[in-house]
Amino acid sequence: MDIPWWRDAVVYEIYVRSFADASGDGVGDLPGIRERLPYLKELGVDAIWLTPFYPSPMADGGYDVADYRDVDPLFGTLGDFEALVGDAHEVGLRVIVDIVPNHSSDRHPWFRQGLRDRYVFADEPNNWQSTFGGPAWTRVADGSWYLHLFAPEQPDFNWRNPAVHEEFLDILRFWLDRGVDGFRIDVAMGLYKAEGLPDVKDQSFKSHSPVWGQPEVHGVYRAWRKVLDSYPGERMAVGEVWTDSAGDLARYVRPDELQQSFNFAWLLAPWSAQAFKKVIDDTLAAVPFATWVLSNHDVVRHRTRYATADPGTGLMRAKAALLTMLALPGSVYLYQGEELGLPEVEDLPPEARQDPVFARSKGKIPGRDGCRVPLPWTTGSRSFGFSSDGVAPWLPQPAGFAELSAERQSGDPDSTLEFYRRALSCRRDLVRSIPYALEWLASPEGALFFTRGLLTCAINCGTDPVRLPPHTAVLLTSGPLDGDRLPPDTAAWLSG
């Protein structure tokens, strides 16, 4: 059986503004990514996913799109994008781009021209709240209201209008014609809202909510799948689907819909063998091809989430979780900087923060800037090699980033970067020769052991060392072993 490239791929998310700045203005850009493709190839990933680079007023970091068929001058040109795709393909990397179909910018031509039937308007607002805080409705001059489930600058499209359908089919073709290998679909469960826009008692991501996950959305993805399948090269789409059940998640990845959907249950699970096992069992029972992710541009970095009073615990757990995740059946999505062991930057000054969540909550919620701080590439320069010498990055970096820079870690066998390189290389050698399914082994309390063919993975989430399962060799560990025992907060790959 031919195995599609995305089934077992390791995809590296690039938050474009914070990856690498080639123009010297303090903001990451497409030429900066192009210059760093050798780094990504050496890291061992199979594909890159680019966050929005389209023309945008940047009210929400580019997720407020004003033109879906061009590149914002902040990030380069359409020619720069085409050159990036060409170079990526030349070195064997696929390219996935973000698409934002739930809402546009209020600077989008449709909204500015008053084409109200293409957005969700109402004579009176209901009680829905913005995900970013405050009411989800803004009043316009004629007294009517428009819906924005996110910032006021992001009006929601009316997907009950066929013109919206046709527009996005054409947008898909525009980027597919330029060689993109797939799309990450922002707020994939949003699009449709329940008829009549009823008030809600609970606006969480539940399958029965009138706000999210309406059944009509599946028709959209069936139409998108036909477009993807009409192009050569196994083009694909992965949905950002927040839901409360694996069963609901599975509806988005039926054979004629999306190829993948993000599995946020893994990201949200606490540091617990029992919790990890439940997520793995629920996921593999529900979806044909699983995805696994620990961090992204919207959540606190997992090194910080896993931290305890012991300052070293967060990184130990992050490396153990990574090794466990890489052993699971399916594809893996990494977030830029996790290979450097970057923590969440929690002490950004209020005047530097740019996330609308921070502003709309009047500073009560810190927002997502802490995981979006630009990457450190070198030990020197004002921005640690992110931008030109003397140029301040768009978000300030802490002094400690020098020790975590790619330059400092490269070649150090004990560094997080070299651990990632070893793990990804080992996985690449193994993944096509082991079965997709896994089998559980008897595990001590607080630990989790499973096998996939000749590979055995063991993780210890408990407080005491545990004896390793039977094996003939140790392939890789996230930390030192204690003889034949696996210390707490450590994972190991074993053979035999």
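To keep things clear, this report deals only with the structure shown in the data block. Note that residues are indexed from 1 along each chain, following the sequence as it is written. Residues qualify for local features only when their pLDDT is at least 70, as the model is predicted, and side-chain atom pairs are given and counted only at 80 or more; totals for whole chains, interfaces and linings, by contrast, use all residues. For the side-chain quantities, the full set of heavy atoms in the structure was used; hydrogens and water were omitted.

Points about the overall build of the protein chain
So, point 1. What counts as a helix is a DSSP run of H or I of at least four residues, what counts as a strand is a run of E of at least two, and both are numbered from the N terminus. In terms of helices and strands, the protein chain carries 15 helices and 18 strands.
So, point 2. Rg of the C-alpha trace for the protein chain: 23 Å, near the compact-globule value of 23 Å for 496 residues, within the 12% margin.
So, point 3. Over its C-alpha atoms, taken along the principal directions, the protein chain stretches across nearly 75 × 50 × 45 Å.
So, point 4. Only protein chains enter the accessibility calculation, which uses a 1.4 Å probe; a residue whose area is less than 20% of its type maximum is buried, one above 50% is exposed, and one in between is partly exposed. For the protein chain, with 496 residues in total, the buried portion stands at 59%.
So, point 5. The contact rule is simple, with two residues in contact once any of their heavy atoms fall within 4.5 Å. Sequence separation of 24 or more characterises 66% of the internal contacts of the protein chain that already satisfy a separation of 6 or more.
So, point 6. Surface exposure here means Shrake-Rupley accessible area, sampled with a 1.4 Å probe, where a residue is shielded only by the protein chains that are shown. If you sum the accessible surface of the protein chain, you get close to 18,800 Å²; carbon and sulfur atoms cover 52% of it.
So, point 7. Charge assignment in this entry is limited to Lys and Arg as positive and Asp and Glu as negative, and neither His nor the chain termini are counted. Lys charges are placed at NZ, Arg charges at CZ, Asp charges at CG and Glu charges at CD. Of the side-chain charges in the protein chain, 48 are positive and 68 negative, and the distance between the mean point of each set is 3 Å. To get the radius of gyration, use the C-alpha atoms; to get the globule rule, take the number of residues to the power 0.38 and multiply by 2.2 Å.

A word on the pattern of salt bridges
Side-chain pairing between opposite charges can occur once the charged atoms of the two side chains come close.
So, point 1. We count a salt bridge whenever a side-chain nitrogen from Lys or Arg sits within 4 Å of a carboxyl oxygen from Asp or Glu. Summed over all chains, the structure comprises 29 salt bridges.
So, point 2. Among the salt bridges present, the one from D87 reaches R34, with a minimum N-O distance of 2.5 Å. Pair noted here: D87 is in helix α3 (residues 78-90) and R34 is in helix α1 (residues 30-35), with a separation of 53 residues, a long-range link.
So, point 3. Residue R34 is classed as partly exposed on the basis of its relative accessible area, which comes to 36%.
So, point 4. Between R184 and D186 there is a salt bridge; the shortest N-O distance is 3.0 Å. For the pair R184 and D186, a shared accessibility class is recorded, and that class is buried.
So, point 5. Through salt bridges with shared partners, a single network forms among D60, D298, D355, R368 and R372.

What to know about the sheet that holds strand β9 (residues 260-261)
So, point 1. Strand order in the open sheet formed by 8 strands is β9-β8-β7-β3-β2-β1-β11-β10, and the pairing between neighbours is parallel. Two strands close off the open sheet at either side, each with one partner strand: β9 and β10 (291-293).
So, point 2. Strand pairing is assigned whenever DSSP detects at least two bridges linking the two strands. One ladder, built from 4 bridges, connects strand β3 (residues 94-99) with strand β7 (residues 182-185); its direction is parallel. Bridging from a neighbouring strand, V97 pairs with F183 of β7.
So, point 3. Between the N-to-C directions of two axes lies an angle of 0 to 180 degrees, each axis being a line fitted to C-alpha atoms and, for a helix, fitted only over the stretch in contact. Across the sheet, helix α15 (residues 416-431) lies against β1 (10-14) and β11 (331-335), angled at about 165 degrees from β11, the strand it touches most.

Points about the sheet that holds strand β13 (residues 447-452)
So, point 1. Sheet architecture is open: 5 strands sit in the order β12-β13-β14-β18-β16, paired in antiparallel fashion. In this open sheet, the two strands that pair with only one neighbour each are β12 (439-441) and β16 (473-477). Strand-to-strand twist across the sheet, computed as the mean angle between neighbouring axes with direction ignored, equals 25 degrees.
So, point 2. Relative to strand β18 (residues 490-495), strand β14 (residues 455-460) runs antiparallel, the two being bridged by 6 bridges. By the bridge assignment for β18, L455 is matched with S495.

Topic: the packing of helix α11 (residues 313-327) against α15
A pair of packed helices can be characterised by two numbers: the angle between their axes and the separation between those axes.
So, point 1. Closest axis-to-axis distance for the α11/α15 pair is 10 Å, and the angle between their directions is 10 degrees. Taken together, the axes of α11 and α15 lie roughly parallel to each other. Contact residues: L315, K319, L322, L323 and L326 in α11; T416, F419, Y420, A423, L424 and R427 in α15.
So, point 2. The residue inventory of the contact of α11 with α15, partitioned by class, reads 8 nonpolar, 1 polar and 2 charged. Oblique is the label for any angle not covered by the other classes, which are roughly parallel (under 35 degrees), roughly antiparallel (over 145) and roughly perpendicular (65 to 115). Nonpolar residues are Ala, Val, Leu, Ile, Met, Phe, Trp, Tyr, Cys and Pro. Charged residues are Asp, Glu, Lys and Arg, and all others, Gly as well, are polar.

What about the layout of surface pockets?
So, point 1. Of the volumes computed, that of the largest pocket is approximately 620 Å³.
So, point 2. In this structure, the largest pocket is lined by 29 residues; those nearest its centre are T131, F132, D298, V357 and R368.
So, point 3. Counted as a void, the second largest pocket has a volume near 350 Å³.
So, point 4. A cavity here means a set of points on a 1 Å grid, drawn over the protein atoms and nothing else, where a 1.4 Å probe fits but cannot get out; a pocket is an open set with protein on both sides within 12 Å along at least five of seven lines, and a residue lines either one if it has an atom within 4 Å of a point. Forming the walls of the second largest pocket are 19 residues, and the residues nearest its centre are T243, S245, A246, N263 and A265.
So, point 5. Sorting the residues of the lining of the second largest pocket by element identifies α7 (246-250), α8 (264-268) and α9 (273-286) as the ones contributing at least two each. Grid points are joined across faces, edges and corners, and a volume is the space filled by probe spheres set on the points.

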